[in-house]
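Below are the chains, spelled out letter by letter.
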Amino acid sequence: MTRALFVLAVLAPAAEAQQPVAFTDVRVVDVAAGQVRPATTVVVTGNRVTAVGAGQAVPAGARRIDGQGKYLIPGLWDMHVHLSMAGREALPVLLANGVTAVRDMGGSGPTVMAWRDSVAAGSLVGPRIKAPGRIVESARWLNAVIGRVEPLNQPALLTELRNRFAIDSAPDGPRIVDSLRRLGADFIKIRNFPSPAAYFPFARAAREAGLPVAGHGPPAEFLGIVSDSGFASFEHSLIAIRNARLAPALSTMPDSAQRALIQRLARNGTAWNPTLVSGRVRFIPDSAKRRMIDDSTGASDPRLRFVSPTLRQEWRAGLALEGASQPDDWGAVEQEARRSVRRFADLGVTLLAGTDLGVITLVPGFALHDELEMLADAGLTPREVLAAATINPARVMGLSDSMGTIAPGQAADLLLLDTNPLEDIRATRAIRGVMANGRWYDRAALDRLLK
């Protein structure tokens, strides 16, 4: 596609945004109830849903979208992405896969926040972005990683590591929180924990500033008290350190202690984002990863055509860093994560769908659908999986009043699907069209975005 045609493809939906849109005779999926409402009309005015109901009148001059035989669901969230690693080219690819909102979990803060603001202004096509500004790390851990990266000839990775906030003592926390607030962060991402003496003043300052904290789980013995501090969500598999090696966190506890901890997280409202698809990557041989990195034509997997040069370079850096890391029993860690999904759900923990986009082999947008299927394979029902990508992210981000469901007053982020996702979660791949912030992209427009 020429640049001129691409600009037209991008701008055309913007011109239509002011025209009311009516989805007629569509089956609306109520994720909370796990039910389908048949023969419904959904009216969108501007960037909001303004009416939902059977027999609802269609406004004069509205664009009609025939939904007969189709299913309408809320737009999907990917709750763990690294957009600066994926590159700006990832934004339309995410949208074409029905990802209408993302929570960025750190990288080049100013770059991602500029994209966030451009998407919100309508000058850049992509999902809504919530961003943390800069990652917060234990100073001791950060210095150790910088030392490992320095010999690897990865200047971009080294620069990003040096731009993170290092926390080492109690006075660091309030200073870091104030800096992130001034940067315009939507929340705070912490990747590796300092001592409790340094962490809890930081957590208190974040609460006072109204900035939720999310990130990697602390050592297993601190999971409960960190949850008590108001932690929004633990990311990835939960781990413990035993004999200087990683181990699955829950397996180090008696069953009664595991149950008590999980119930404690549920009471506190601390969510869990297992990112199973990124854990799977650890078991792909390096030789296969290298082939994927080098496959820009999609010869081995058509999805690899949608990986930007920026992301391929990040994959190379990730592979180099893996080679410099100590061996750990990731198999046991990931097996526990998959086993834990059903138990966490049964005990009331809010589960989230996220990918860790930026990790080797994860293709923007496509990886979220892989994650949804892995959550189903781990024991969640299709309704629970859909909730992990719609209702639950809105709740964790404090946006339940405006996102996550299809109702008057909600943001007009919608997916039109060919088949029923409550019967088979793989239906989320069969996208007929996407509405993002009130802009409608039919299948042809989505295909242009992918090109």
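Our structure's up above, just so we're on the same page.
1. Side note on the sheet that holds strand S8 (residues 128-130)
Then step 1. With respect to topology, three strands assemble into an open sheet ordered S6-S7-S8, the strand pairing being parallel. Each edge of the sheet is formed by a strand with only one pairing partner; in this case those strands are strand S6 (76-81) and S8. Taken pair by pair, the neighbouring strands of this sheet meet at an average axis angle of 20°, ignoring direction.
Then step 2. Sheet topology note: the strand S7 (residues 99-104)/S8 ladder contains three bridges and is parallel. Bridge assignment links Arg103 to a residue of S8, and that residue is Lys130.
Then step 3. This element, helix H4 (residues 109-121), spans S7 and S8 of the sheet and lies at about 140° to S8.

2. A short note on the packing of aromatic side chains
Then step 1. Evaluation of the coordinates by the stated rule reveals eight aromatic pairs.
Then step 2. Ring centres 5.9 Å apart and planes at 40° place the aromatic pair Phe193 and Phe231 in the tilted group. One end of the pair, Phe193, is in the loop between strand S11 (188-192) and helix H8 (196-209); the other, Phe231, is in the loop between helix H9 (223-228) and strand S13 (233-235), and 38 residues separate them in sequence. Comparing Phe193 with Phe231 shows no difference in burial state: the two are buried.
Then step 3. Each ring, one from Tyr199 and one from Phe202, has its centre 5.9 Å from the other, and the planes form 55°; the classification is tilted. Of this pair, Tyr199 and Phe202 both sit in helix H8, separated by three residues, roughly a single helical turn. Residue Tyr199 shares its accessibility class with Phe202, and that shared class is buried.
Then step 4. Sitting over the ring of Phe165, Arg134 keeps its end group 3.9 Å from the ring centre.
Then step 5. Arg282 extends its terminal NZ or CZ atom over the ring of Trp330, reaching a point 3.4 Å from the ring centre.

3. Some thoughts on the side chain of Lys289
Then step 1. Position of Lys289 among the secondary structure elements: in helix H12 (residues 286-294).
Then step 2. Once residues lying within four places of it in the same chain are set aside, the contact partners of Lys289 are Val281, Ile284, Leu319, Glu322, Ile360 and Thr361.

4. Observations regarding the pairing of strand S14 (residues 239-242)
The side chains of a regular strand alternate, residue by residue, between the two faces of the sheet.
Then step 1. In terms of strand pairing, S14 meets strand S15 (residues 245-248) through four bridges, oriented antiparallel. Pairing of Ile239 across the sheet is with Pro248, part of S15.
Then step 2. Taking the residues between adjacent antiparallel strands as the criterion, S14 and S15 are bridged by two residues, where Asn243 takes a positive phi near 55°.

What counts, and where the lines are drawn
Sequence positions are assigned chain by chain, starting from 1 and proceeding in written order. Local features in this predicted model are restricted to residues whose pLDDT is 70 or higher, and side-chain atom pairs enter the listing and the counts only when it is 80 or higher, whereas totals over whole chains, interfaces and linings include all residues. The side-chain values count all of the structure's non-hydrogen atoms but skip hydrogen atoms and water molecules. Strands were regarded as paired on the criterion that DSSP finds at least two bridges between them. Here a strand is any run of E in DSSP of at least two residues, a helix any run of H or I of at least four, and the numbering for each starts at the N terminus. The angle between two axes is taken between their N-to-C directions and runs from 0 to 180 degrees, where each axis is a line fitted to C-alpha atoms and a helix contributes only its stretch in contact. Every residue pair with non-hydrogen atoms within 4.5 Å of one another is taken to be in contact. Stacked, tilted and edge-to-face are the three classes applied to pairs of Phe, Tyr and Trp rings, where Trp contributes its six-membered ring and a pair requires centres within 6.5 Å; stacked means planes under 30 degrees apart, edge-to-face means over 60, and tilted covers the rest. The buried label goes to any residue with under 20% of its type's maximum accessible area, the exposed label to any with over 50%, and the partly exposed label to all in between, with areas taken from a 1.4 Å probe on protein chains only. Look at NZ for Lys and CZ for Arg. If either is within 6 Å of the ring centre and within 35 degrees of the ring normal, a charge sits over the ring.

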